[in-house]
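Coordinates in review
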Amino acid sequence: MSQAASTTSGQQPAGRAAARRVAVASALGTTVEYYDFTLYATTAALVFDKIFFPSVSPAVGALASFSTFFVGYLARPLGGVLFGHFGDRLGRKTMLVTTLLIMGLGTVLIGLLPSYDKIGVAAPILLVVIRLLQGLGMGGEYGGGVLMAMEFAPRGKQGFYTSLVHIGTPAGVLIPVGVVSVLDTTMSDAQFESWGWRIPFLLSAVLIGLGLYLRLKIGESPEFTKFREEADSHKAPAAVVVQRQLRDVLLSIVAKIAESGLFNVYYVVALSYATTQLGMSKTPVLIGILIACALECLTLPFFGRLSDRIGRRKLYIGGALFQVVLAVPFFLLMDTRNPVLITVAMALGLAVGHGAMYGAQAALFANLYPVDVRYTGLSITQQFGATLGGGLSPLLGSALIVAGGGGWGWVVAYVVGVAVLSSLCTIPLRRGENVVAQLDTPLGATR
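About the cut-offs
Residues numbered from 1 in each chain as written. Predicted model: local features only at pLDDT ≥ 70, side-chain atom pairs only at ≥ 80, totals over all residues. Heavy atoms only, no water. Helix = DSSP H or I, 4+ residues; strand = E, 2+ residues; numbered from the N terminus. Buried < 20%, exposed > 50% of the residue type's maximum accessible area, 1.4 Å probe, protein only. Contact = heavy atoms within 4.5 Å. Patch = residues over 30% accessible without salt bridge, like charges linked within 9 Å, V, L, I, M, F, W, Y side chains within 5 Å. Areas by Shrake-Rupley, 256 points an atom, 1.4 Å probe, with all protein chains shown as cover. Salt bridge = Lys/Arg side-chain N within 4 Å of Asp/Glu carboxyl O. Phe/Tyr/Trp six-rings, centres within 6.5 Å; stacked < 30°, edge-to-face > 60°. Lys NZ or Arg CZ within 6 Å of the ring centre and 35° of its normal. Lys, Arg positive; Asp, Glu negative; His and termini not counted. Charge placed at Lys NZ, Arg CZ, Asp CG, Glu CD. Disulfide = S-S within 2.5 Å. Axes fitted to C-alpha atoms, helices over the stretch in contact; angles between N-to-C directions. Parallel < 35°, antiparallel > 145°, perpendicular 65-115°, else oblique. Left-handed = near helix turned anticlockwise from the far one by under 90°. Nonpolar A, V, L, I, M, F, W, Y, C, P; charged D, E, K, R; others polar.

In the nomenclature of an unreviewed UniProt entry, the protein chain corresponds to MFS transporter from the organism Amycolatopsis ultiminotia.

**A few points about the overall build of the protein chain**
Counting secondary structure elements, the protein chain contains 22 helices and zero strands. Counting all 447 residues of the protein chain, 62% fall into the buried class. Considering only residue pairs separated by 6 or more positions, the protein chain has 88% of its internal contacts joining residues 24 or more positions apart.

**Considering a nonpolar patch on the surface**
Taken together, Val121, Ile125, Val129 and Leu133 make up a surface patch of nonpolar side chains, about 360 Å² in accessible area. Tracing the sequence through the fold places Ile125 in helix 8 (residues 122–152).

**Points about helix 9 (residues 158–166)**
Counting buried positions along helix 9 gives nine out of nine residues, so the element sits mostly inside the fold. By the burial criterion, the buried members of helix 9 are Gln158, Gly159, Phe160, Tyr161, Thr162, Ser163, Leu164, Val165 and His166.

**Things to note about unusual backbone geometry**
Look at Arg337: it is not a glycine, yet its phi comes out positive at around 60 degrees. Along the polypeptide, Arg337 turns up in the loop between helix 17 (312–335) and helix 18 (339–366). For Arg337, a relative accessible area of 42% puts it in the partly exposed group.

**Structural notes on the packing of aromatic side chains**
Going through the model one piece at a time under the given rule, you end up with eight aromatic pairs. Each ring, one from Trp197 and one from Phe201, has its centre 5.7 Å from the other, and the planes form 85 degrees; the classification is edge-to-face. Ring pairing ties together the aromatic residues Tyr266, Tyr273, Phe330, Phe331 and Trp408, which thus form one cluster. Across the ring face of Tyr40, the terminal group of Arg131 is positioned such that the distance to the ring centre comes to 3.9 Å.

**So, a positive patch on the surface**
On the surface, a cluster of positive charge is contributed by Arg16, Arg20, Arg305 and Arg309. Relative to the elements of secondary structure, Arg309 occurs in helix 16 (residues 282–310).

**Here's the deal with the side chain of Ser422**
Assignment of secondary structure puts Ser422 in helix 21 (residues 409–426). Dropping the residues within four chain positions of it, Ser422 is found in contact with Val254, Ala255, Ile257 and Ala258.

**As for the state of the cysteines**
When the sulfur atoms of two cysteines share a covalent bond, that bond is a disulfide. Scanning the entire structure with this criterion turns up zero disulfides. Between Cys297, a cysteine without a disulfide, and Cys293, which holds the nearest cysteine sulfur, the sulfur-to-sulfur distance is 7.1 Å. Given the relative accessible area of 16%, Cys297 is considered buried.

**Overview of the packing of helix 5 (residues 76–90) against helix 8**
In contact at an axis separation of 6 Å, helix 5 and helix 8 are set at 50 degrees when each is read in the N-to-C sense. As summarised for this structure, helix 5 and helix 8 are arranged oblique, according to the angle between their axes. Between helix 5 and helix 8 lies a crossing of right-handed hand. Of the residues in helix 8, those touching helix 5 at Arg76, Leu78, Gly79, Gly80 and Phe83 are Gly135, Leu136, Gly137, Met138, Gly139 and Gly140. Residue classes in the contact of helix 5 with helix 8 are distributed as four nonpolar, six polar and one charged.

Printed below as a string of structure tokens:
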């Protein structure tokens, strides 16, 4: 294998200005990605049981809605392998444009989808099909966006620049939750359930247009371009990753579960718990989520820069263990029904606990893989981990609350369990701790 195939990110920096442009374009794509999925999660928690599953009880309808949410996650690993394959063979930029279109147009189509009352069982069936397509697009989006930012980043600042891409996650929550909150305060429940819920889905078209404009203006990753000048791509990048780095793949997937899963516990499960078990209005909870996400937009760059200084594994594990300590206080604060205390709980969970893990995550996981299979490797880690974490946690959280008679004891056990497990699996990921480690163990493979 050529030296280029094992060259690490940051060796060929393209300049800070270019790195910032790429980070902004990638962050916008991540915003669209999480706008789509967060908007779906929010409306699934609030109205989809009535729109698409009106013939069952509210509890069963909520479970059915979260099941369709999980369907989108099921397609993500396949999308990660598919777009990772072509991203490693053809380049990052083309895949980023394609995935953005798939995700964004899927959201617009959901906004146009007739309800169960209009077309019967065809409505939830079409909803599942659209969710599967969105999952494919989301599966390929993350890896490309992060890699473009990392492979343009100056040496020693990968954590910071990739954390800028991750701002798209809380921003992708902030925007749809903000829109839903405004609609909730200006519309009656009947209006929102009848047609108001469609408005934020249709507004996705604006983000698509802006995202396409920015992504078409950036160039291909300089590191990937250099690699292609000196070596051929693997015919099957996924096979190379699994054959040569199976241990890293499995450990990083489990390490990912807590970050992805607990994010949805603080957001989706907590929202559902507050409205269905505590009998609260959704507005104060949504406002708490809005404030927490706005704070996380600020804390992510801080944690990204901190990860460059103290080490990615150390910060990632610290964020997970913080959430172990937070688990019981979080729900105690929720039970007060006090909007200020609920906001404090959300801020601690999202801006601090999740922010610390997410700020360090991209550079940690991406550096596990050399440039020739990095898109595929990172996508496998991200999407399988996100499916087992974020995809399952709303469904598991809702089921555990029902099993606990409406209480949160079993949910706390889940939070503590996945946080500890993910921490233990992060400890051996020394290859992702710093860039130089990759020079010692290049993959190499027959082309």
